[in-house]
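Remarks on the overall topology
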There are 2 protein chains.
Amino acid sequence: MKINTWFGVLELGSSGKLLASELFPKDVRELALHLLSLRNKRQDMPPEGFDLKTAAIESGFADSYSEYYSLLHEVTLETVKLQVSESLTPDQRVIQAVEALDDINETANSLSERLFEWYGGYFPESGLSGEALSVFITKYGSRENVPPEDPLYLKAQNSMGAKLESADESLLKGFAESVSSLYERRKQIEAYIESSMETLAPNLTMLAGPMLGARLISIAGSLDKLAAFPSSTVQVIGANKALFKHLRARAPSPKHGIIYSHPLINTSPWWLRGKIARALASKLSLAARIDFYSAKKDASLEYELEEKVRKIREANPKPPQKRQEGKAKPKKKRRK
Amino acid sequence: MKINTWFGVLELGSSGKLLASELFPKDVRELALHLLSLRNKRQDMPPEGFDLKTAAIESGFADSYSEYYSLLHEVTLETVKLQVSESLTPDQRVIQAVEALDDINETANSLSERLFEWYGGYFPESGLSGEALSVFITKYGSRENVPPEDPLYLKAQNSMGAKLESADESLLKGFAESVSSLYERRKQIEAYIESSMETLAPNLTMLAGPMLGARLISIAGSLDKLAAFPSSTVQVIGANKALFKHLRARAPSPKHGIIYSHPLINTSPWWLRGKIARALASKLSLAARIDFYSAKKDASLEYELEEKVRKIREANPKPPQKRQEGKAKPKKKRRK
């Protein structure tokens, strides 16, 4: 009878006596990897009540109980570390980045609104907001420092705004710097998501673009979950509210969730959006599956999608008739 | 008959003929200041239908209608600018700073929570959070860079956390830098509020401390509004929810609003808090009035407050009896 243990493979006689053993090297990392693989196999396990530690000493793997226990401790610790590392797969890291990006966006917006209101008392005519305003303030501070070559020079000279005292100026400059730093961070995270998505999910990125692709993965929870979703789910990801309203009440089913931000949909006339959303979702779902199982880029996907969208556009050149006249007609499938 | 105009004082005969005039210099700023003072006086105004522009030319102030109108345009513009500057009084600037501080606090907290979660996958044992964590990550990035002299060295060496790839490391470092920048900003704004409050409202600052004083002004809307509040209002500023619950239903009246954060109250035993809050609010209200009308520091306020609080403590050494036995007694004023 052969049994697998964390330190080697043992050959036992029918009476439970140790006949032969094939021991693994005493390398903690190797042993940990082996332990992880055992966890998945679950065959040739030791019988219940089997004394592993005595067998380890008998087979010559350990010299004493204390050596056996200290090794076991190290190996299990290493195993946990490996498991933690495993849980930070590339898609989980992209999801972290997407969530951080959302936080950054929200905070940058709220702080730049505050900056806008605050600086408005001193230079209301600037016409700047958001990142441009924070960069402007970081650069000049008071509008008195705007040089003649700046396009806002004249406005700054003739501004209605109050004079900015130096204490307030350094405060506002510091605040603007922090806001600029957040906008910088946003660009950095976006660049990270773009480059990660290119390797993590090349097909999804090709069809959806890196940001939309990353958001799909983020809402799904992971790439493998996204790959497991039917395309009808992909189509309405992010439209939870509308979907539940549809399921509960008589509201129409949502035509699109976050994939609405895809240019193929949001630049199309309204009567095509539902059809294109369905075509897009089906290709996105396919792309996620290819990405998850092979990660090879398949350029034909993009071509097929374009072809499909072209056909939809040709088949529906005009908006459909209004419902009013159709009220008497038998119920028809209206929404696709 | 004497009339005040924006360009000078005119002496008119009974028929409305110009007899004499005392003209102001043609200085735009001077004229604007004069116009503002006229706005408040409202006496010796020109009679209705009086032709100001002809009088200006007759008196020799302007050579032509066009000169008159262009000067008038400049002067009114300057007046508006002066009014805008006036509206940014020191207390309004402190209020802006307090509001900015609240925004910064909120965003710094939400971003540092994100950072905590994000970095937790790589170094869960750090035990750091908030500003300390952002400073740590800005400094070292990956836990592999923690030097032996750092107290976290051993934990970093034996961490369960995953290995931090270099792309993720620079992302996390950048994020941590932005968070640190927000914490820096917080300190700067706090320092600004402290120094502004010292000159704006020295008595309020002496009694309440700069931050609580600034918050009181901020919620009141301005220093003069705070000075106009009765002390019972000052006592419950910031306790809107509890106050309206009291007014609507049978809830007890709130004992304190944001003044609860004052050490005299929050370090006192519960049965003294209401009494001390009332004493504190009355002195704070007095302090705000002194600050608004004279801005001279009056050290006796602090002494009086301490004296009053000492008396309250002496008079109420023990918690009051529970209500149960008092139910049959006639209604008494319980809450002070």
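See the structure printed just above.
On a predicted model such as this, the values are computed, not experimentally measured, just so you know.

A few words on the interface of chain B and chain A. Counting from both sides, the interface comprises 42 residues of chain B and, opposite them, 42 residues of chain A. Salt-bridge contacts for Arg93(A) lead to Asp168(B); the nearest nitrogen and oxygen are separated by 2.8 Å. Elements supplying a minimum of two residues to the side of chain B that touches chain A: α3 (65-87), α4 (90-120) and α7 (166-200) of chain B. Residues that form the side of chain B that touches chain A fall into these classes: 18 nonpolar, 13 polar and 11 charged.

All right, on to the sheet that holds strand β2 (residues 8-12) of chain B then. All names here are of chain B. Ordered by their spatial adjacency, 3 strands build an open sheet running β1-β2-β3, and the pairing between neighbours is antiparallel. Of all the strands in the sheet, just β1 (2-4) and β3 (18-23) have a single pairing partner and so form its edges. Strand-to-strand, the axes of this sheet are offset by a mean angle of 20°, without reference to chain direction.

The next thing to look at is the relation of the copies chain B and chain A. Overlay of chain B on chain A (RMSD 0.1 Å): rotation 180°, translation along the axis 0.0 Å. Such a combination of rotation and displacement between the chain copies is what one expects of a two-fold axis. Closest to the rotation axis within chain B is the C-alpha of Thr107(B), separated from it by 2.8 Å. With an isologous cut-off of 70% or more, the 100% of interface residues of chain B that recur at the interface of chain A puts this contact in the isologous class.

This part takes up the packing of helix α7 (residues 166-200) of chain A against helix α9 (residues 210-220) of chain A. Residue and element names in this part refer to chain A. For the pair α7 and α9, the least separation of the axes is 9 Å and the interaxial angle reads 75°. Relative to α9, the element α7 is oriented roughly perpendicular. Residues Glu190, Ile193, Glu194, Met197 and Leu200 of α7 form the contact with α9, whose participating residues are Pro210, Met211, Gly213, Ala214 and Ile217. Grouping the amino acids of the contact of α7 with α9 by side-chain chemistry returns 7 nonpolar, 1 polar and 2 charged.

Let's shift gears to the packing of aromatic side chains. Residue and element names in this part refer to chain A. Counted according to the given criterion, the structure contains 24 aromatic pairs over all chains. Ring centres of Phe136 and Tyr140 lie 5.2 Å apart, and the angle between their planes is 70°; this geometry places the pair in the edge-to-face category. Note that Phe136 and Tyr140 are positioned in helix α5 (residues 130-140) at a spacing of 4 residues, about one turn of the helix. Overall, Phe136 belongs to the buried group, its relative accessible area being 6%. On the numbers, 4.8 Å between centres and 75° between planes, the contact of Phe292 with Tyr293 is edge-to-face. On the basis of relative accessibility, which here comes to 36%, the residue Phe292 falls in the partly exposed class. Judged by relative accessible area, Tyr293 falls into the exposed class, the value being 66%.

Working definition: the strands of a sheet are paired by backbone hydrogen bonds and lie parallel or antiparallel to each other. Residues and elements named next belong to chain A. In space, the 3 strands of this open sheet follow the order β1-β2-β3, with antiparallel pairing throughout. Only two strands of the sheet have a single partner each, and these edge strands are β1 (2-5) and β3 (18-23). Each neighbouring strand pair of the sheet contributes to a mean axis angle of 20°, computed without reference to strand direction.

Residue and element names in this part refer to chain B. On the secondary structure map, Thr199 appears in helix α7. Judged by its relative accessible area of 63%, Thr199 is exposed. Residues Thr199 and Leu71, 128 residues apart in the sequence, show an inter-C-alpha distance of 38 Å. A distance of 3.0 Å separates a polar atom in the side chain of Thr199 from the backbone oxygen of Ser196.

Here we take up the pairing of β2(B). Residue and element names in this part refer to chain B. Among the 5 residues of β2, 4 are classified as buried, and the element is accordingly described as predominantly covered. Sheet topology places β1 next to β2; 3 bridges connect them, and they run antiparallel. From the neighbouring strand, Lys2 faces β2, where its bridge partner is Glu11. Counting the residues in the hairpin turn of β1 and β2 gives 3 residues. Linking β2 to β3, which pair antiparallel, is a turn of 5 residues; within it Gly16 sits at a positive phi near 90°.

Residues and elements named next belong to chain B. Over its 23 residues, α3 extends 33 Å from the first C-alpha to the last, a length consistent with the 33 Å expected when each residue adds 1.5 Å. Residues of α3 that are buried: Tyr68, Leu71, Val75, Glu78, Thr79, Lys81 and Leu82. Among the structural elements, α1 (28-41) and α2 (52-58) are those in contact with the buried residues of α3.

Attention now moves to the pattern of salt bridges. Under the defined criterion, the tally for this structure stands at 30 salt bridges over all chains. Glu198(A) is the salt-bridge partner of Lys297(A), the closest N and O atoms lying 3.5 Å from each other. Here Glu198(A) lies in helix α7 and Lys297(A) lies in the loop between α14 (270-293) and α15 (300-315), a separation of 99 residues in the sequence. A relative accessible area of 39% means that Glu198(A) is categorised as partly exposed. Residues participating in the shared-partner salt-bridge network are Glu99(A), Asp103(A), Arg114(B) and Glu117(B).

Calculation notes
- Residues numbered from 1 in each chain as written.
- Chains lettered and ligands numbered in written order.
- Predicted model: local features only at pLDDT ≥ 70, side-chain atom pairs only at ≥ 80, totals over all residues.
- Heavy atoms only, no water.
- Contact = heavy atoms within 4.5 Å.
- Salt bridge = Lys/Arg side-chain N within 4 Å of Asp/Glu carboxyl O.
- Helix = DSSP H or I, 4+ residues; strand = E, 2+ residues; numbered from the N terminus.
- Nonpolar A, V, L, I, M, F, W, Y, C, P; charged D, E, K, R; others polar.
- Pairing = 2+ DSSP bridges.
- Axes fitted to C-alpha atoms, helices over the stretch in contact; angles between N-to-C directions.
- Least-squares fit on C-alpha atoms with pLDDT ≥ 70 in both.
- Parallel < 35°, antiparallel > 145°, perpendicular 65-115°, else oblique.
- Phe/Tyr/Trp six-rings, centres within 6.5 Å; stacked < 30°, edge-to-face > 60°.
- Buried < 20%, exposed > 50% of the residue type's maximum accessible area, 1.4 Å probe, protein only.
- Polar contact = N/O pair within 3.5 Å; in protein donor to acceptor, adjacent residues only side chain to side chain.
- Expected span 1.5 Å × (residues − 1).

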